[in-house]
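Single-letter residue listing:
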Amino acid sequence: MCKILARVLLCLLVLTACGRKKEEPVKEPQVLNLVPSVIESESWREHTITILMVCDLEAEASLEQTPWASIASRVITGNGQTSVCLQLEANEGDEPRTGTLVASCGKSSVRCKFTQQPIGSNPGIYNFGTEEVSFDELRHQCSVRRYPDGTASFRILDPSEGKTVVFRRLPRDPVPGSTVEFDIEQNWMSSQPLRIPVSATLVKAGDGKLWLAREDAVFIVRI
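Model, not experiment: these values are computed from the prediction.

### Comments concerning the pattern of salt bridges
(1) Moving on: Going through the model one piece at a time under the given rule, you end up with 6 salt bridges.
(2) Moving on: In this structure, Arg168 engages Glu185 in a salt bridge whose closest nitrogen and oxygen atoms are separated by 2.9 Å. One end of the pair, Arg168, is in strand E13 (residues 163-171); the other, Glu185, is in strand E14 (residues 179-186), and 17 residues separate them in sequence.
(3) Moving on: On the accessibility criterion, Arg168 (30% relative accessible area) is partly exposed.
(4) Moving on: The partner of Arg195 in a salt bridge is Asp183, and the shortest N-O contact between them spans 3.0 Å.

Next up, the structure:
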C-alpha cells in the first residue's frame, strides 16, 4: 500500500513539473539610446521639446523627479525609433532647473538631462540680440520716475562707463497677459539703435517690478 501511494505521489510531482511553464529569460536590448543625451539651455517659456528614443526592443519612457514637465506624446517612427514629446511648464523662478527623461528596457536604462533657464528677477534686458543689460547694485545706479498720467520711467545708469538705459511709458498697473508698449532709449548696447519701440507681453508683476517678454527676449523693470 505504501509503495502504491509513493508511486501516485511521484506521478503527481512529475505531472506538476511538466505542467509548469518555463520562465523565459528577460531580453536585453542591443541598442538603447536617447538623442540627444543632454539639453543644456531650454527657454524659460512654456513649450515642448522632442527627444528621440532608439531601441531594438520595446522600451518605456518616464520622467524622473521632474514635476514641472510631462510626457505629452510618444510616436513610433519606425526602425526602432520613438519620438517622445515633453511638455515643459514656464520657469518663472530665479534659478535654472534640470529634469531627467529615462528610457528603460529589460534591466537596461539610459537618461537624458535637460535644463530649463529661468525668467530671472534682476532688472535688465536679456536675450535681446547679442548684448544684454544686467543691473549690478555695486556698479550701477537705478531710479524710477512716476508721472501723473499713470505711467513711469525706469533708468539704469553705469557711471563709470557713461552708459544708460531708460524704459519710458511703462504702465504702473498693467494686467498680466496684456500687451505693453514702451520705448527704450539707450547707449548701452552698441548693436541696437538709440531708441527702440517695444511691444511685449506682461508675464507677471510684483515686488514693484514688471516682467515683459517678446519671443525669447525678457525685459525686467522697476516701477
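Moving on from the coordinates now.
### Overview of the pairing of strand E15 (residues 195-206)
(1) Moving on: Note that E14 and E15 share 7 bridges and pair antiparallel. Bridge pairing in E15 places Glu185 opposite Arg195.
(2) Moving on: With 5 bridges joining them, E15 and strand E16 (residues 209-214) adopt antiparallel strand pairing. Pairing of Ala205 across the sheet is with Leu210, part of E16.
(3) Moving on: Taken together, E15 and the strand that follows it, E16, pair antiparallel across an intervening segment of 2 residues, in which Asp207 is found at a positive phi of about 55 degrees.

The rules we used
- Residues numbered from 1 in each chain as written.
- Predicted model: local features only at pLDDT ≥ 70, side-chain atom pairs only at ≥ 80, totals over all residues.
- Heavy atoms only, no water.
- Salt bridge = Lys/Arg side-chain N within 4 Å of Asp/Glu carboxyl O.
- Helix = DSSP H or I, 4+ residues; strand = E, 2+ residues; numbered from the N terminus.
- Buried < 20%, exposed > 50% of the residue type's maximum accessible area, 1.4 Å probe, protein only.
- Pairing = 2+ DSSP bridges.

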